[in-house]
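These are the residues of each chain, in order.
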Amino acid sequence: MSAACPVLAVHPISRRELLFVVGITLLGAVLRLWDLSAIAVEHFDEGVYASNLWFTAEEGYRYPDRHLYAPPLLPTLIEWSLLIFGTASWVPALPSLGAGVCTIPLIWWMGRKLAGPTGGLAAAMLLAANDVHILYSRTALTEAMLCFCMLLSVSLAHCTFLELKSPPVFSKRSISLAMLSGLMAGLAWLTKYNGWLSLAIIYSGSLAWAVFGRFSLAQWTWLIAHYALIGGVAAAVWLPYVFSLDEFGGYAAVAANHRQYFGGLAEWGPALARQISNQWQLSGWTTLVGVVGVGVLIGSRLMLHLDSLQFRWSRSGAWMAASWVIGLSVAIPLYHPYPRLVVPWWVGVLLVLGAVSAWLQIRVEHYGKALPARAASIALLVLGVVAFAGPVLKSPAWERRKELQIVAEDFVAITASRARDAGLPENEVIFYVYGEPAIFYHISLFDRLAGPIGHLDFAKPETRLSNAPTYLVVGPHAEESQLFTEQWEALGSWFEPVHAAKVRPSRLVQLNNVEPEVGESLDEYALYQLKPAR
């Protein structure tokens, strides 16, 4: 039995297809890079990931308790981006921008191996224009890089399984592909704690393929050996980080933190409804353009090979794609409905929709009249222009996200003025930022001494370490903290109000809240000065 897919052998990459891939990737890149000046650190987790630079060796070169939020790969890449490219507001998003763009040709590659040229192009077109993927590609969050690493790991595993012949042969190629798949699975794991999902997709999907394909003992032996390679390399990449967590309470501390976001079966229905609403609100005209573009592709002769009017797919790839979509569809609503959880689901769904598009194109050719290639090409060019309706109309993916940066700039300017009035250097001030990593990040950019805190103990006269003007910054996260409320009642009299600002967060942040108030809701940030000890 041969498990290999004949699609690539029958349909080599044509010049036309390659041009379409380049065009789709360029469109996706421009959509993601549009108006970089509108991008700035705003989300709570963005502030955590982007703040490595402001901590010393004694503090582990990282934001306090960063291990509870994410493994180190993305924060490290953001740190190097800031060191190399400077501190422009969009630089922390650079790793996500790169990963987001690279995922477009990658999904074409995987889609092509799964269901032929149309399957790959349709998946790439849908992803290039997907508002949700565009949005998270324009953030300093983990999702874009996670999706890239997961998809590459699964794609390499798929290539590994395409090497299974009859009789099975252990080749350098299959072993190398398995090891590369494990490497990318490990990197996905180092990007986000649920990066192990790439291994779950590979194992569960290929296991179903083997069971329903009635593998022989020799085939099972080959498959299990490559399983071990993939898992072994992934573990070799991941475990050193796990061991490094021992000084922070081990992985058990991370797992305990994650359990608070687990709603279970009781919350599955409401969480699903909320996630559907989230995705609807984050999607816009650009996503619709991608769907229409795939419709044009299906109804045309652009990528149809008339010598093979029969839909064929890779069985191993189909099982893994099914595992990806079904598994995440069941698992995601078990957790608090953060919109970002759905981003990897979109990648799997678009991969499947690409395969469905290839099947539909064959049906159109059999039973209907196909759109001429020239007309289809013109239609796709027009749609490429219409895709920019999203950026022009400032859909959620292109909203201006600089409000917190402006607040931080105002706070720094106010404290500088007060320092000068007191005859002090303008940077000789101390900021304590309560539960607002994004504000902390922006203040630190101005070369101010700042510290992120989760308590007000520094206000007690017996704990003060400096006579420099000291300020406290609080925001909506302080309002949600019972400890802050209790300490403010006891220590609030030590603080003098200086300035307050109300800002409207972007849709990205609004939908992340426990009780989202989308539209006119405002967040308030306040600046206080610590009074001298009496």
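Residues numbered from 1 in each chain as written. Predicted model: local features only at pLDDT ≥ 70, side-chain atom pairs only at ≥ 80, totals over all residues. Heavy atoms only, no water.

**Re the overall build of the protein**
What the protein contains, in helices and strands, is 22 helices and five strands. With respect to the three principal axes, the spread of C-alpha positions in the protein is 90 × 50 × 45 Å. The burial tally for the protein puts 54% of its 534 residues in the buried class. Across the protein, contacts joining residues at least 24 apart in sequence account for 81% of those joining residues at least 6 apart. Entry remark: accessible area of the protein is about 23000 Å², with carbon and sulfur atoms responsible for 64%. For the protein, the separation between the mean place of its 36 positive charges and that of its 38 negative charges on side chains is 15 Å. (Helix = DSSP H or I, 4+ residues; strand = E, 2+ residues; numbered from the N terminus. Buried < 20%, exposed > 50% of the residue type's maximum accessible area, 1.4 Å probe, protein only. Contact = heavy atoms within 4.5 Å. Areas by Shrake-Rupley, 256 points an atom, 1.4 Å probe, with all protein chains shown as cover. Lys, Arg positive; Asp, Glu negative; His and termini not counted. Charge placed at Lys NZ, Arg CZ, Asp CG, Glu CD.)

**Concerning helix H16 (residues 373-386)**
Taking 1.5 Å per residue, 14 residues should reach 20 Å; H16 reaches 20 Å between its end C-alpha atoms and fits that length. Taken together, the buried positions of H16 are Ala 376, Leu 380, Leu 383 and Gly 384. The arc that holds every buried residue of H16, seen down its axis, measures 105°, which confines them to one face. Exposed and oriented more than 90 degrees from the buried face of H16 are Arg 374, Ile 378, Leu 381 and Val 385. Where H16 is buried, its residues contact helix H2 (15-33), helix H5 (94-128) and helix H13 (285-298). (Expected span 1.5 Å × (residues − 1). Arc of directions from axis to C-beta.)

**Overview of a nonpolar patch on the surface**
Together, Val 30, Trp 34, Trp 285, Leu 288, Val 291, Val 292, Val 392 and Leu 393 line one region of the surface with nonpolar side chains, adding up to about 740 Å² of accessible area. In terms of residue count, H13 provides more of the nonpolar patch than any other element does, four residues in total. (Patch = residues over 30% accessible without salt bridge, like charges linked within 9 Å, V, L, I, M, F, W, Y side chains within 5 Å. Salt bridge = Lys/Arg side-chain N within 4 Å of Asp/Glu carboxyl O.)

**Points about the sheet that holds strand S2 (residues 449-453)**
One open sheet holds the five strands; their spatial order is S2-S1-S3-S5-S4, and the pairing between them is mixed. For this open sheet the edge positions go to S2 and strand S4 (495-503), each flanked by a neighbour on one side alone. Pairs of neighbouring strands in the sheet enclose a mean axial angle of 20°, with direction left out of account. Looking at chain direction, strand S1 (residues 430-434) and strand S3 (residues 470-474) are connected through four bridges and run parallel. Its bridge partner lying in S3, Tyr 432 is registered against Leu 472. Here helix H18 (residues 403-421) sits on the sheet in contact with S1, S3, S4 and strand S5 (523-530), set at roughly 150° to S4. (Pairing = 2+ DSSP bridges. Axes fitted to C-alpha atoms, helices over the stretch in contact; angles between N-to-C directions.)

**Quick look at the pairing of S2**
Of all the five residues making up S2, four are buried; the element is thus mostly covered by neighbouring parts of the structure. Across five bridges, S1 lies against S2 in parallel orientation. Bridged to Tyr 432 within S2 is Gly 451.

**Re the nonpolar core**
Counting 127 residues, the largest nonpolar core has Ile 107, Phe 161, Phe 431 and Ile 443 as the members making the most contacts within it. Of the residues forming this core, the biggest block, 16 residues, is contributed by H5. Excluding residues within four positions of it along the chain, Ile 107 makes contact with Gly 120, Ala 123, Ala 124, Leu 127, Leu 151, Val 347, Leu 350 and Leu 351. Core analysis: the next-biggest nonpolar cluster, separate from the first, contains 15 residues, Leu 456, Leu 472, Phe 484 and Leu 491 among them. (Core = buried A, V, L, I, M, F, W, Y, C linked by side-chain atoms within 4.5 Å.)

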